[in-house]
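# Remarks on the overall topology
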Amino acid sequence: MINIDKFKISEIPFGERRTTFKPNVELYNYLGEDGFRKIIGSHYDLLVKSEIKDIFPTSDEELDGAKKRSADFFIQRFGGPEYYKMTRGNPMLANRHLPFKIKPSGRKVWLDCYRQVLSQVNDVPENLIMDLWNWLDEFSNWMVNTPEEPKFKLGFSLK
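Residues numbered from 1 in each chain as written. Predicted model: local features only at pLDDT ≥ 70, side-chain atom pairs only at ≥ 80, totals over all residues. Heavy atoms only, no water.

Time to look at the overall build of the protein chain. Within the protein chain, the secondary structure is distributed over six helices and zero strands. By principal-axis analysis of the C-alpha atoms, the protein chain measures approximately 55 × 35 × 30 Å. Across the 159 residues in the protein chain, those meeting the buried criterion constitute 40%. Here the contacts in the protein chain between residues at least 6 apart in sequence split such that 74% fall between residues at least 24 apart. (Helix = DSSP H or I, 4+ residues; strand = E, 2+ residues; numbered from the N terminus. Buried < 20%, exposed > 50% of the residue type's maximum accessible area, 1.4 Å probe, protein only. Contact = heavy atoms within 4.5 Å.)

Structure, rendered in structure tokens:
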């Protein structure tokens, strides 16, 4: 297990798309398909209870589909079979997420759920989990498509 405090969430400016970190395909050798599916499933189980739950499916059937698609993407991205490409085509995830208002604050909630899940992973070298974290931290900003609403001195915001 890794201390959850090691998973720092970067403040990335809205609209910036960094590519400093690449997926370390060695992680797939440790986790395999089942390990990735377990991590993704646990992540979604936290998301549907989080403050951003409204952008996730509410029925078990739809949630299972979302978990499968997400796990398929991660499995492919980390060197496993190209399930996502075979069933959905090229990922183009930023475009696929456009129907949802994803703000920087939502990104932080999404990442916090991953912090909780990844801190519980056992039997995987810490450096590989941290490689995954660093990639997730950058990658997550690619999905942010809505800036935070401006806050004014009087304590109200535009809606």
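To continue, consider the packing of helix 1 (residues 26-47) against helix 2 (residues 60-77). Contact geometry for helix 1 and helix 2: axes closest at 9 Å, N-to-C directions at 145°. Between helix 1 and helix 2 lies a crossing whose hand is right-handed. Of the residues in helix 2, those in contact with Tyr-28, Glu-33, Phe-36, Arg-37, Ile-40, Gly-41, Tyr-44 and Asp-45 of helix 1 are Leu-63, Ala-66, Lys-67, Lys-68, Ser-70, Ala-71, Asp-72, Phe-74 and Ile-75. Split by residue class, the contact of helix 1 with helix 2 holds nine nonpolar, two polar and six charged. (Axes fitted to C-alpha atoms, helices over the stretch in contact; angles between N-to-C directions. Left-handed = near helix turned anticlockwise from the far one by under 90°. Nonpolar A, V, L, I, M, F, W, Y, C, P; charged D, E, K, R; others polar.)

Among the nonpolar cores identified, the biggest contains 41 residues, and Leu-27, Phe-74, Tyr-114, Leu-118 and Leu-136 are the most heavily contacted of them. Apart from the residues lying within four places of it in its own chain, the contact partners of Leu-27 are Gly-32, Phe-36, Phe-78, Val-124, Leu-128, Ile-129 and Leu-132. (Core = buried A, V, L, I, M, F, W, Y, C linked by side-chain atoms within 4.5 Å.)

Looking at where Ser-70 falls in the secondary structure, it is placed in helix 2. For Ser-70, a relative accessible area of 14% translates into the label buried. Setting aside chain neighbours within four positions, we find Ser-70 in contact with Ile-40 and Tyr-44.

So, on to unusual backbone geometry. Note on backbone geometry: most residues besides glycine have negative phi, and most peptide bonds are trans. The phi dihedral of Asp-123 falls on the positive side, at around 65°, and the residue is not glycine. Turning to its location among the elements, Asp-123 is positioned in the loop between helix 5 (104-118) and helix 6 (126-139). Judged by its relative accessible area of 76%, Asp-123 is exposed.

For the coordinates displayed, the defined rule picks out 14 aromatic pairs. Here Phe-7 and Trp-133 contribute two aromatic rings whose centre-to-centre distance is 5.3 Å and whose plane-to-plane angle is 70°, an arrangement assigned as edge-to-face. Here Phe-7, found in the segment before helix 1, pairs with Trp-133, found in helix 6; they are 126 residues apart in sequence, far enough to count as distant. Judged on exposure class, the residue Phe-7 and its partner Trp-133 are both buried. Between Phe-73 and Tyr-84 the ring centres are 5.9 Å apart and the planes differ by 80°, which places this aromatic pair in the edge-to-face class. Here Tyr-84 lies in helix 3 (residues 83-88) and Phe-73 lies in helix 2, a separation of 11 residues in the sequence. Note on Phe-73: relative accessible area 7%, which makes it buried. Its relative accessible area of 3% is what places Tyr-84 among the buried residues. (Phe/Tyr/Trp six-rings, centres within 6.5 Å; stacked < 30°, edge-to-face > 60°.)

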